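Coordinate inspection notes
Chain by chain, the residues run as shown.
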Amino acid sequence: VITLGSSVPLLVDNDGDGENSSSDPNDSNGCAWSSNHTPTTANTSAAWKALDCDTDGLSNGQELIAGTNPLNPDSDNDGLTDGEEVTGVNHPSTI
């Protein structure tokens, strides 16, 4: 937390996951957060959008566009990853 000329702290989020750096257990990994932080798709930082938190082959940003869950590799629980469904390419985990 940085205070700039007042008593109002400036909250810092170094990895773009929406969690304040002072409580983030791994502030260089946008896919890691503390147990008291609930990640949401409201994260809009370019760094977070470029990550693939659920390792399904789609970036978080691509998942937001596709309407899938960037924290669940198989948003509709049909046995195919979101990446497979969006790109049409088989993921090694389901071959």
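In this numbering scheme, every chain counts its residues from 1 along its sequence in written order. Per-residue local features are limited, in this predicted model, to residues with pLDDT of at least 70; the limit for side-chain atom pairs, both in listing and counting, is 80 or more; totals at the level of whole chains, interfaces and linings are taken over all residues. In computing side-chain properties, one takes all heavy atoms of the structure into account and sets aside hydrogens as well as water.

**Re unusual backbone geometry**
For clarity, the cut-off: We call a residue buried when its accessible area falls under 20% of the maximum for its residue type, exposed when it is over 50%, and partly exposed in between, using a 1.4 Å probe and counting protein chains only. Elements are defined by DSSP. Helices are runs of H or I of four residues or more, strands are runs of E of two residues or more, and each kind is numbered from the N terminus.
Although it is not a glycine, Thr55 sits at a positive phi angle of roughly 50°. With a relative accessible area of 56%, Thr55 lands in the exposed category. One non-glycine residue, Asn77, lies in positive phi territory at about 55°. Mapped onto the elements of the fold, Asn77 is located in the loop between α2 (60–66) and α3 (82–87). Note on Asn77: relative accessible area 63%, which makes it exposed.

**Some points on the confidence of the model for the chain**
The line we're drawing: Values of pLDDT, which run from 0 to 100, indicate the predictor's confidence residue by residue.
Per-residue confidence for the chain gives a mean pLDDT of 80; residues scoring 70 or more make up 76%. Confidence, expressed as mean pLDDT per element, reaches its minimum in the chain at strand β1 (residues 2–3) with 51 and its maximum at α3 with 92.

**Notes on the environment of Asp76**
Heads up, the condition is: Any two residues whose heavy atoms approach within 4.5 Å are treated as being in contact.
Topologically, Asp76 is positioned in the loop between α2 and α3. A relative accessible area of 45% means that Asp76 is categorised as partly exposed. The contacts of Asp76, once residues within four sequence positions are left out, are Asp82 and Glu85.

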